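# A closer look at the structure
The residues making up each chain are set out below.
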Amino acid sequence: MNRILIQDGLIIPMDKSLADGGELHYTGDVAVEQGKIVAAGPEGTIPADWKPDKIIDARGKAVLPGFINCHTHAAMTLFRSYADDLPLMQWLGEKIWPLEENLQSEDVYWGTQLAILEMIRSGTTTFADMYFFMDQVAQAVAETGIRACLSRGMIGVAPTRDEALKESKELVRNWHRQAEGRINVMLGPHAPYTCPPDYLDKVLEMAAELTVGIHIHLAETRDEVRDITKQYGKTPIRLMEEVGLFKFPVLAAHCVHLDEEEIEILKTHGVGVVHNPESNMKLASGIAPVSRMLEVGVKVGLGTDGPASNNNLDLIEEMRTAALLQKVSMQDPTAIPAYQALEMATRLGAAALGLSEEVGVIKPGYKADIILVDLNQPHFYPHHDPLAHLVYAARGADVDTVIIDGKVVMENREVKTIDTERVYWEVEQSARRLAGR
Ligand SMILES: N[C@@H](CCSC[C@H]1O[C@@H](n2cnc3c(=O)[nH]cnc32)[C@H](O)[C@@H]1O)C(=O)O
Ligand SMILES: [Zn+2]
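Source: prediction; values computed, not measured. Every residue gets a number counted from 1 within its own chain, in the order that chain's sequence is written. The naming scheme follows written order: chains are lettered A onward, ligands numbered 1 onward. The model is predicted, so local features are restricted to residues of pLDDT at least 70 and side-chain atom pairs to those at 80 or more, both for listing and for counting; the totals for chains, interfaces and linings are taken over all residues. Processing note: side-chain calculations cover all non-hydrogen atoms of the structure and skip hydrogens and water entirely.

## Notes on the UniProt feature "binding site: Zn(2+)" (unreviewed entry) in the chain
UniProt feature "binding site: Zn(2+)" (unreviewed entry): in the numbering of this structure it lies at H71, H73, H217 and D305. Spatially, the listed residues are clustered: although they cover 235 residues, their C-alpha atoms lie within 11.7 Å of one another. Working definition: with a 1.4 Å probe on protein chains only, accessible area under 20% of the residue-type maximum means buried, over 50% means exposed, and in between means partly exposed. Given a relative accessible area of 8%, H73 falls into the buried group. Should any heavy atoms of two residues lie within 4.5 Å, those residues are counted as being in contact. Those residues in contact with H73 that lie beyond four places of it in its chain are D129, M130, Y131, H217, D305, G306 and P307. For this analysis, a polar contact is any N or O atom pair within 3.5 Å, provided that within protein one partner can donate a hydrogen and the other can accept it, and provided that sequence-adjacent residues contribute only side-chain to side-chain pairs. A polar atom in the side chain of H73 sits 2.6 Å from the backbone oxygen of M130. Looking at the secondary structure, you find D305 in the loop between β13 (299–302) and α11 (315–330). Residue D305 is classed as buried on the basis of its relative accessible area, which comes to 4%. Apart from residues no more than four positions distant in its own chain, D305 is found in contact with H71, T72, H73, H217, E220, H254, N276, S279 and L313. UniProt positions are given in the numbering used here, feature names are shortened, and annotations may be inferred rather than shown by experiment. For helices the rule is a DSSP run of H or I covering at least 4 residues; for strands it is a run of E covering at least 2, with both sets numbered from the N terminus onward.

## A look at the coordination of the zinc ion (ligand 2)
Excluding water, the donors of a metal are its N, O and S neighbours within 2.8 Å, or within 3.2 Å for Na, K and Ca, and that exclusion means sites may look incomplete. Around the zinc ion (ligand 2), the protein contributes the donor atoms H71 (NE2), H73 (NE2), H217 (NE2) and D305 (OD), which lie 2.1 to 2.2 Å from the metal centre. Coordination at the zinc ion (ligand 2) is irregular: its four donor atoms span angles of 87 to 169° at the metal. Sequence spacing among the residues donating to the zinc ion (ligand 2) works out to H-x1-H-x143-H-x87-D. One end of the pair, H73, is in the loop between β6 (67–72) and α1 (88–100); the other, H217, is in strand β10 (residues 214–218), and 144 residues separate them in sequence. The exposure classification of H73 matches that of H217, with both residues buried. For a four-donor site, all angles between 85 and 135 degrees give tetrahedral; for four or six donors, opposite pairs above 155 degrees with the remaining angles between 65 and 115 give square planar or octahedral; all remaining cases count as irregular.

## Points about helix α4 (residues 161–175)
Between its first and last C-alpha, α4 extends 21 Å over 15 residues, near the 21 Å set by a 1.5 Å rise per residue. Restricting attention to buried positions, one finds in α4 the residues A164, L165, S168, L171, V172 and W175. In an axial view of α4, the angular spread of the buried residues amounts to 135°, which keeps them on one side of the axis. Of the surrounding secondary structure, the elements contacted by the buried residues of α4 are α3 (134–144), β8 (147–154), β9 (183–189) and α5 (197–210). One less than the residue count of a helix, multiplied by 1.5 Å, gives the span that helix is expected to have. Arc definition: directions from the helix axis to the C-beta atoms.

## Side note on the side chain of D369
In this fold, D369 is placed in the loop between α13 (347–352) and β14 (370–374). On the basis of relative accessible area, D369 is assigned to the buried category, the value being 4%. Not counting residues up to four positions away in its chain, the partners in contact with D369 are L64, P65, G66, T125, T126, R147, V359, I403, I404 and D405.

## Structural notes on the nonpolar core
Only buried residues count toward a nonpolar core, which is a set of Ala, Val, Leu, Ile, Met, Phe, Trp, Tyr and Cys residues joined through side-chain atoms within 4.5 Å. F79, W91, I120, F246 and L266 are the most contacted members of the largest nonpolar core, which has 123 residues in total. For this core, the element with the most residues is helix α2 (residues 105–121), which contributes nine residues. In this document the domain limits rely on a domain assignment from an automatic tool or a database. There are two domains that each give this core at least three residues, and those are domain 1 (3–65 + 362–415) and domain 2 (67–352). In this structure, W91 is in contact with M76, A83, L86, I96, L283, A308 and S309, ignoring residues within four places of it in sequence. Ranked by size, the runner-up nonpolar core spans 19 residues in total, among them V30, I370, L372 and V408.

So this is what it looks like as structure tokens:
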């Protein structure tokens, strides 16, 4: 089935910013053919003799681009609720990293399947991952039909430092642009405090050789900024600029603690920033200056971070948290209006991942990554403003249908590409073994 007609939905194309003015949504049809959007409302034309293979009745439903989770460690679903209520370095050092020593490849496969199940069910159609056993993650992405930017997390100060470089090269060779083009591979030097400049040099050399982007944790905590400044005489973002990181497409997770000049550095180099509000709150890392970065024109997408420091993968919830957190932290209720939060979860997320020509908007020529949200529910009445409903009232469970690359992967909340019961069973086995139960 490659021709789908999504009829009479409330289309929210996300193809313009608030500054553009004009209509932000309208009722109409979306036509999909061979994985791409061919028409959407007044945009594009559906040929008179065009016969759809499938018609989806979208009356009473919002039709919008699939959500883009720009930063997670998907297989950490296995560690969800294992260790909470700790600061980052204690959480990583004492709880998570010791557990990760015992992870096996099939654990990562099933943990990732569970994450993808949760993401599809809550309307996420693209995610950016940084983990290991990434061939297993790629396999799960290929099988489930989701879109992903994958990187093998590399800890330059760990015994795995050389192995991680080798695996990253293999990941690019075996999986970059594979799975019908749904997979993009990046290099994943974990963070400035785990990847010293001499190791980063090796990573940058490989990025130049393979012409791929870089996914890194950056300026996440005050301790990171203090320690890096003490060790190198400059802040993490300035250090990254000095080593040449920003000569490549960069996806920088967090960017919580930075000054005005560093925001300018991110803007100048076109860095894709990922704001992870719930992880930053849960680990008490801080509040990123998101409104300011958006005002300056930095590409800021949204991420959940790992499901063990959130603890879910619901990007609708993350959108609301991002909007509310900026309002209260800026003491300004106009900060991050609803539409801007939606932009972060769609078009700006695509821009942060370097995919703005492919996904993030509903427009002819773009990939058919589309979600339908059922608006016929108590918390969406009265129907004043669908944009406000989606940000301030919606939950991931309101997503009814998900199409990725023109394939229906969920319809009427039934996921078609994952064996849910098998995933639950396998995850429980892995989690019990890992926790030594
Ligand atoms: N430890 C593996 C590779 C690391 S992948 C990415 C790493 O990021 C860790 N991680 C998860 N969330 C965060 C975060 O918020 N900040 C920094 N690291 C995180 C995660 O536990 C994982 O160890 C090895 O040495 O081969
Ligand atoms: Zn992370």
